[in-house]
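Below are the chains, spelled out letter by letter.
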Amino acid sequence: MTAGLVGRTALITGSGHGIGAAIATGLARAGLDVILLARTADQLDETASAIRASASSVEVRIVTTDLTKDNQRTTAIDDLLSGRQVDVPINNAATVEPLGARTTISPAQLWQVFENDLIRAGRGVRRALAEAVRDAVRTGRLAPGTRLPSSRQLAADLGLARNTVADAYADLVAEGWLTARRGSGTLVADRMITRPILARSAAEPSGNPCYDLIPGNPDLTAFPRAAWLKATRRALAAAPDDALGYGDPRGRPELRAALAGHLARARGVYVSPEHILICAGVSHGLQILSGVLAGRGARNVAVESYGLDRYCGLLAAAGLKTLPLPFDTHGTDPVPPLGTEAVLLTPAHQFPVGTALQRDRRTAVVDWARRTGGLVLEDDYDGEFRFDRQSVGALQGLDPDCVVYLGTASQTLAPGLRLAWMALPPTLAGEAVAAKGQIDSCEVFSQLTMAEFITSGAYSRHIRAARRRYRDRRDALVTALAQHAPKVRVIGTAAGLHTALGLPPGTEQQVLQSATRHCLKVAGLSRYRHERSLNAMADALVVGYGVPSDAAWPQALSALVRILS
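Here the structure is a predicted model, which means the values were calculated and not measured.

Quick word on the side chain of Thr499
Next up, step 1: Relative to the helices and strands, Thr499 is located in strand E19 (residues 498–502).
Next up, step 2: The buried category is assigned to Thr499, whose relative accessible area is 1%.
Next up, step 3: Polar contacts involving the side chain of Thr499 include one to the main-chain carbonyl oxygen of Ile491, which spans 2.6 Å.
Next up, step 4: Each residue touching Thr499, except ones within four places of it in the same chain, is listed here: Leu477, Val490, Ile491, Gly492, Thr493, Leu541, Val542, Val543 and Tyr545.

And the structure:
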């Protein structure tokens, strides 16, 4: 059995029994997609089933191939990683001996030195080959004096045109990376090796590892790369030519139609596609709404006593004053005081405390909006992740004419996509579009891909898998604290990617200092308190369990327990 890593994909060869199956399953649990290579598919059925049972979010593919032949190996690996049909044999990877100075390297070894770079490059083959060699020399993987294969030999081994390799070599010689002398062949030039900082720091001991438990981000290692890539290909193939133009400022119609259906099914949001506005994050949406409210003459917006200060900053930048709402043992009292034109709430899972807005208070704030003509701004930042029962429906469903619903892909997929959406009351839609601007400022390819991702069912499948994974982390957190830190009170565990941990009075700053010493990033509850709030909650930590990978989570949890016990 042989295992090799190419980017985020593990190539596994052999029967897959015994230690091979254990290694394959361990790689999958670490979040790697797995390609299993065997002569017949039935050799790996048991391994594939075990992987899918223990790591349902990864992609597992079985490829039948003759592992004894070595012709066209590199072409086959390329085909595997790009998703094309494989109809050529792949040989079992040979062990590559360390490359020292003044040594000779075979074409097969050279390929293994920089195959990741070639595969990830995504550019022309000549440029990709040249950049891969540069990086291998820069980082020391190709030592000065190493003799490279001839252009003819390397071209034959990689399945490339000889001129492509010769031109890449010529570029590198001209740039000083390689030297070429008649009778001596092509050598890596004698030059200073500059290793990247990350590579150097990874090799050097740096004390305790750092774990990020600040709430607000998901596990980015679990992003469904393979499924997203498939959706991108399908979306681009089907996209009309005008999709590449400036576009509707509301966003692509494909995405707005897909969201209207998904939000109705998953969150109880009732909105037509023409009243959905795509924006680049919830902050962008609030910036648009702030301009609308200010344009209407609004002066005051009520907000929760504990929340994100950057949202208050966006409202203040538009000239709006934020008034903190009172709270009691039942949570936030959402009905604003007189003179308030809007209220910003996180009703499904209050950030950061984690409680859900009670039924009578949900009704009361909607009644306030109907009676006064005010607006309720509903931030549903993680409403898809409810663990103990069916998700709490969106407040917008009670009255779509007075509630603005804000949703985002930042927690379900990744904040780097810059995809969020607003379901607007019909009377507000035109003003919001005007405040956003006349050109769609959200990148079109991500919108088209997201639309395909939703309509194909891949989004719902990903959310179900993520929900299971985060629920397991939540359960492990609750169990560990009950065993080792029973005095810590766990709050708001029913949903989301974070929870609040109640601490003994007067200990919040002490615990935060201990966390810093242990290289653990956590937030104190006081960090989120509104500066004008008259209420103060007891000391607590706000712990996010979304960021660490599945492999890192047990160690992060152990570090957290150590500072709390």
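So, a nonpolar patch on the surface
Next up, step 1: A surface patch of nonpolar side chains, amounting to about 290 Å² of accessible area, comprises Leu236, Leu244 and Phe445.
Next up, step 2: Along the chain, Phe445 falls in helix H15 (residues 444–455).

Observations concerning the nonpolar core
Next up, step 1: Formed by 59 residues in total, the largest nonpolar core has its most connected members in Leu413, Trp421, Met450, Leu520, Leu541, Leu560 and Leu564.
Next up, step 2: Apart from residues lying up to four places away in sequence, Leu541 is in contact with Thr499, Ala500, Leu501, Leu503, Val511, Leu512, Val522, Ala523, Gly524 and Leu564.

Focus on helix H13 (residues 359–372)
Next up, step 1: Under the 1.5 Å per step criterion, the end-to-end length of H13 is 20 Å for 14 residues, consistent within 8% with the ideal 20 Å.
Next up, step 2: Three or more residues of H13 are buried, namely Arg361, Arg362, Val365, Val366, Trp368 and Ala369. Each buried residue of H13 lies within a common arc of 150° when the element is viewed along its axis, so the set occupies one face. Of the exposed residues in H13, those oriented more than 90 degrees away from the buried face are Arg359, Asp360 and Arg371.
Next up, step 3: Positive phi shows up at Gly373, right after H13, with a value of about 80°.

A word on the pattern of salt bridges
Next up, step 1: Summed over all chains, the structure comprises 15 salt bridges.
Next up, step 2: Between Glu531 and Arg532 there is a salt bridge, with its nearest N and O atoms 3.5 Å apart.
Next up, step 3: A relative accessible area of 70% places Glu531 in the exposed class.
Next up, step 4: The partly exposed category is assigned to Arg532, whose relative accessible area is 36%.
Next up, step 5: The network of salt bridges with shared partners includes Asp219, Arg469, Arg473 and Asp550.

The rules behind each value
- Residues numbered from 1 in each chain as written.
- Predicted model: local features only at pLDDT ≥ 70, side-chain atom pairs only at ≥ 80, totals over all residues.
- Heavy atoms only, no water.
- Helix = DSSP H or I, 4+ residues; strand = E, 2+ residues; numbered from the N terminus.
- Buried < 20%, exposed > 50% of the residue type's maximum accessible area, 1.4 Å probe, protein only.
- Polar contact = N/O pair within 3.5 Å; in protein donor to acceptor, adjacent residues only side chain to side chain.
- Contact = heavy atoms within 4.5 Å.
- Patch = residues over 30% accessible without salt bridge, like charges linked within 9 Å, V, L, I, M, F, W, Y side chains within 5 Å.
- Areas by Shrake-Rupley, 256 points an atom, 1.4 Å probe, with all protein chains shown as cover.
- Salt bridge = Lys/Arg side-chain N within 4 Å of Asp/Glu carboxyl O.
- Core = buried A, V, L, I, M, F, W, Y, C linked by side-chain atoms within 4.5 Å.
- Expected span 1.5 Å × (residues − 1).
- Arc of directions from axis to C-beta.

Coordinates in, geometry out; function isn't part of it.
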